[in-house]
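Structural overview for review
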Amino acid sequence: NAGVTQTPKFRILKIGQSMTLQCTQDMNHNYMYWYRQDPGMGLKLIYYSVGAGITDKGEVPNGYNVSRSTTEDFPLRLELAAPSQTSVYFCASSLDVQETQYFGPGTRLLVL
Amino acid sequence: AQSVSQHNHHVILSEAASLELGCNYSYGGTVNLFWYVQYPGQHLQLLLKYFSGDPLVKGIKGFEAEFIKSKFSFNLRKPSVQWSDTAEYFCAVNAKGSQGNLIFGKGTKLSVKP
């Protein structure tokens, strides 16, 4: 039982490039979330999903897209990378809406 | 809108000192409350949580927190810290009835001197 896994661990992008951050959970959780963590700012919600095929925006969705074709996977897509997207990205999942969220190890992204 | 305030940005303690980290939230309804810890280079781990019942909750590694509804507070405590408690601590809230998205405080970095 690996929990929540994320790839890659670290990536450097040039401005305007695109990439997908992968997130997979093996706990059969319905709810999945993407957060970004900026220094001194805590975590902010980007997008979340309540189940396969259903996604919705969080607090800071601009510049990102998500999809949820399976229960296990919740990729985050950056289409045109900008320096403001330099951050650490965490994926999380929970069994139900009010249950504990379990976090992945994070992806550190640097946009230059 | 909901918000979470953590009063201390950086706390420095010597081993065996007592710890209390403040957390206040702004939301008028019923909430679930969490403390997460992030050790250096690691991901967030749940320390403890409060959903209902006894307002004094005990978590892992000797940590506890007390929910005081009248003060909108959920302070984290440990009677005697260890060097291994050096980490960043995040208080988080979600409103009952919401889609479960957590609102995080900005975090408190704890440094414990050996």
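The next thing to look at is the pairing of strand β8 (residues 64-68) of chain B. Residue and element names in this part refer to chain B. Both strand β7 (residues 56-58) and β8 contribute to a ladder of three bridges, which runs antiparallel. Bridging from a neighbouring strand, Val57 pairs with Ala65 of β8. Adjacent in sequence and paired antiparallel, β7 and β8 are bridged by five residues, among which Lys61 carries a positive phi angle near 60°. Pairing of β8 with strand β9 (residues 73-78), which is carried by five bridges, proceeds in the antiparallel orientation. Residue pairing across strands places Phe67 opposite Phe74, the latter belonging to β9. Remark: four residues form the turn of the hairpin made by β8 and β9, two consecutive strands paired antiparallel; Phe72 in that turn has positive phi of roughly 50°.

Listed by partner, the interface residues are 20 residues for chain A and 22 residues for chain B. Around 1,700 Å² of area is buried between chain A and chain B when both sides are counted, 54% of it from carbon and sulfur atoms. Three residues stand out in chain A for area buried against chain B, namely A:Gln98, A:Thr100 and A:Phe103, and they jointly supply 33% of the buried area on that side. Summed over the shared surface of chain A and chain B, the result is zero salt bridges. Residues of the side of chain A that touches chain B, tallied by class, amount to twelve nonpolar, seven polar and one charged.

What follows covers the environment of B:Phe90. Residues and elements named next belong to chain B. Relative to the assigned elements, Phe90 resides in strand β10 (residues 87-95). By relative accessible area, Phe90 is classed as buried at 1%. When the C-alpha atoms of Phe90 and Phe34 are compared, they prove to be 8.2 Å apart, with 56 residues separating the residues in sequence.

Here we take up the pairing of strand β3 (residues 19-25) of chain A. Walk down a regular strand and you will see the side chains alternate between the two sheet faces. Residues and elements named next belong to chain A. Residue alternation in β3 divides its side chains into a buried set, Met19, Leu21, Cys23 and Gln25, and an unburied set, Thr20, Gln22 and Thr24. As defined by bridge partners, strand β1 (residues 4-7) adjoins β3 across four bridges and the pair is classed as antiparallel. Bridged to Thr5 within β3 is Thr24. Relative to strand β8 (residues 76-78), β3 is paired through three bridges, and the arrangement is antiparallel. What sits directly across from Met19, in β8, is Leu78.

Topologically, B:Lys78 is positioned in strand β9. Excluding anything up to four places from it in sequence, B:Lys78 contacts B:Ala17, B:Ser18, B:Leu19, B:Lys61, B:Gly62, B:Phe63 and B:Asp85.

Before going further, it helps to examine unusual backbone geometry. Note: most peptide bonds trans; most residues except glycine with negative phi. Put simply, A:Thr7 and A:Pro8 share a cis peptide bond, and its omega is -5°. Looking at the element boundaries, A:Pro8 is found in the loop between β1 and β2 (10-13). A positive phi angle, close to 60°, is found at B:Lys61, a residue other than glycine. With respect to the helices and strands, the residue B:Lys61 is situated in the loop between β7 and β8. By relative accessible area, B:Lys61 is classed as partly exposed at 48%. Phi angles above zero are rare outside glycine, and B:Phe72 is one such case at about 50°.

Take the sheet that holds strand β7 (residues 64-66) of chain A next. Residues and elements named next belong to chain A. What the four strands build is an open sheet, ordered β1-β3-β8-β7; its pairing is antiparallel. Bordering the open sheet on either side are β1 and β7, each of which pairs with just one other strand. In this sheet, adjacent strand axes meet at a mean angle of 20° when their direction is disregarded.

What counts as what
Residues numbered from 1 in each chain as written. Chains lettered and ligands numbered in written order. Predicted model: local features only at pLDDT ≥ 70, side-chain atom pairs only at ≥ 80, totals over all residues. Heavy atoms only, no water. Pairing = 2+ DSSP bridges. Helix = DSSP H or I, 4+ residues; strand = E, 2+ residues; numbered from the N terminus. Contact = heavy atoms within 4.5 Å. Buried area = accessible area lost by both parts, 1.4 Å probe. Salt bridge = Lys/Arg side-chain N within 4 Å of Asp/Glu carboxyl O. Nonpolar A, V, L, I, M, F, W, Y, C, P; charged D, E, K, R; others polar. Buried < 20%, exposed > 50% of the residue type's maximum accessible area, 1.4 Å probe, protein only. Axes fitted to C-alpha atoms, helices over the stretch in contact; angles between N-to-C directions.

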